[in-house]
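Chain by chain, the residues run as shown.
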Amino acid sequence: MTPNVPRHSIPRVLRVLPAAGAVLAAAAVALSAYAAHAVEPAAVARLQSAALFAFGHGIAMAALAPLAVRWSARLALMGLLVGTLLFSGSLVAAHLFGTPTVFAPLGGGLMILAWLAWAADRLAR
């Protein structure tokens, strides 16, 4: 929270996005540990990839959310969140439940678009 700014004056999305980023990063650490210690070697690369994307985008969301004062920046960060959940979630679900990774490309594409939207927002400032 920003010093000297009452909590109720900060838009809810600016509190939720950094918290969601921190949760993603924490889940990524746990997933990485699981991949390193509890899975067969064939699954390690897929789970480590899911963890890497979740960690990187979680940290980015936590760091960038305070800068997201315009709706376009907030939308970009929400796109990062949804894209990461689709991408990493699809890889984890494939391992845990044997489901196909059909949402991974959608999540990856959404992450790309979200980063481009963030760049556009920064240029428009």
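Residues numbered from 1 in each chain as written. Predicted model: local features only at pLDDT ≥ 70, side-chain atom pairs only at ≥ 80, totals over all residues. Heavy atoms only, no water.

A. Inspection of the overall build of the chain at higher detail. Counting its regular elements, the chain contains four helices and zero strands. When the helices and strands of the chain are read in sequence order from the N terminus, they spell out α-α-α-α. The dimensions of the chain, computed from C-alpha atoms along their principal axes, are 50 × 25 × 20 Å. Looking at the chain residue by residue over its 125 residues, the buried ones come to 38%. For the chain, long-range pairs separated by at least 24 residues make up 68% of all intrachain contacts whose partners lie at least 6 apart in sequence. (Helix = DSSP H or I, 4+ residues; strand = E, 2+ residues; numbered from the N terminus. Buried < 20%, exposed > 50% of the residue type's maximum accessible area, 1.4 Å probe, protein only. Contact = heavy atoms within 4.5 Å.)

B. Representation of the packing of aromatic side chains in the model. Tallying each qualifying case throughout the model produces one aromatic pair. Arranged with centres 4.6 Å apart and planes meeting at 55°, the rings of Phe53 and Phe87 form a pair that is tilted. With Phe53 in helix α2 (residues 41-64) and Phe87 in helix α3 (residues 71-97), the pair connects residues that are 34 residues apart, well separated along the chain. Across the ring face of Trp118, the terminal group of Arg122 is positioned such that the distance to the ring centre comes to 4.6 Å. (Phe/Tyr/Trp six-rings, centres within 6.5 Å; stacked < 30°, edge-to-face > 60°. Lys NZ or Arg CZ within 6 Å of the ring centre and 35° of its normal.)

C. Fine view of the confidence of the model for the chain. With 93% of its residues at a pLDDT of 70 or more, the chain shows a mean pLDDT of 92. Here helix α1 (residues 12-37) stands out as the least confident element of the chain, with mean pLDDT 94; helix α4 (residues 103-124) is the most confident, with 98. (pLDDT = per-residue confidence, 0-100.)

D. Focus on α4. Here α4 is 22 residues long and its end C-alpha atoms lie 31 Å apart, about the 32 Å a rise of 1.5 Å per residue gives. Listed as buried for α4 are Ala104, Gly107, Gly108, Met111, Ala114, Trp118 and Asp121. Buried residues of α4, viewed axially, fall in a sector of 145°; they line one side. Within α4, the exposed residues directed more than 90 degrees away from the buried face are Pro105, Leu106, Ile112, Leu113, Leu116 and Leu123. (Expected span 1.5 Å × (residues − 1). Arc of directions from axis to C-beta.)

E. Quick look at the pattern of salt bridges. On inspection of all chains with the given rule, the structure shows two salt bridges. Arg122 serves as the salt-bridge partner of Asp121, at 2.8 Å between the closest nitrogen and oxygen. Through salt bridges with shared partners, a single ionic network connects Arg70, Asp121 and Arg122. (Salt bridge = Lys/Arg side-chain N within 4 Å of Asp/Glu carboxyl O.)

F. Focus on the nonpolar core. If you look at the biggest cluster of nonpolar residues, it comprises 31 residues, and the most contacted ones within it are Leu31, Leu47, Met61, Ala68, Leu77 and Trp118. Within the residue set of this core, elements represented by two or more residues are α1, α2, α3 and α4. Sequence-distant contacts of Trp118, defined by excluding residues within four places in its chain, comprise Leu64, Leu67, Ala68, Ala73, Ala76 and Leu77. (Core = buried A, V, L, I, M, F, W, Y, C linked by side-chain atoms within 4.5 Å.)

G. Seen up close, the side chain of Ser88. The residue Ser88 is located in helix α3 in this model. In terms of polar contacts, Ser88 uses its side chain to reach the backbone carbonyl oxygen of Ala50, at 2.8 Å. Not counting residues up to four positions away in its chain, the partners in contact with Ser88 are Ala50, Phe53 and Ala54. (Polar contact = N/O pair within 3.5 Å; in protein donor to acceptor, adjacent residues only side chain to side chain.)

H. Examining the environment of Trp118 more closely. Examined against the element boundaries, Trp118 turns out to sit in helix α4. Considered as a pair, Trp118 and Met78 are 40 residues apart in the sequence and their alpha carbons are 10 Å apart.

I. The arrangement of a nonpolar patch on the surface in detail. Taken together, the side chains of Val29, Phe55 and Ile59 present a nonpolar region at the surface, about 270 Å² in accessible area. Structurally, the position occupied by Phe55 is in helix α2. Residue classification places Phe55 among the partly exposed residues on the basis of a relative accessible area of 39%. (Patch = residues over 30% accessible without salt bridge, like charges linked within 9 Å, V, L, I, M, F, W, Y side chains within 5 Å. Areas by Shrake-Rupley, 256 points an atom, 1.4 Å probe, with all protein chains shown as cover.)

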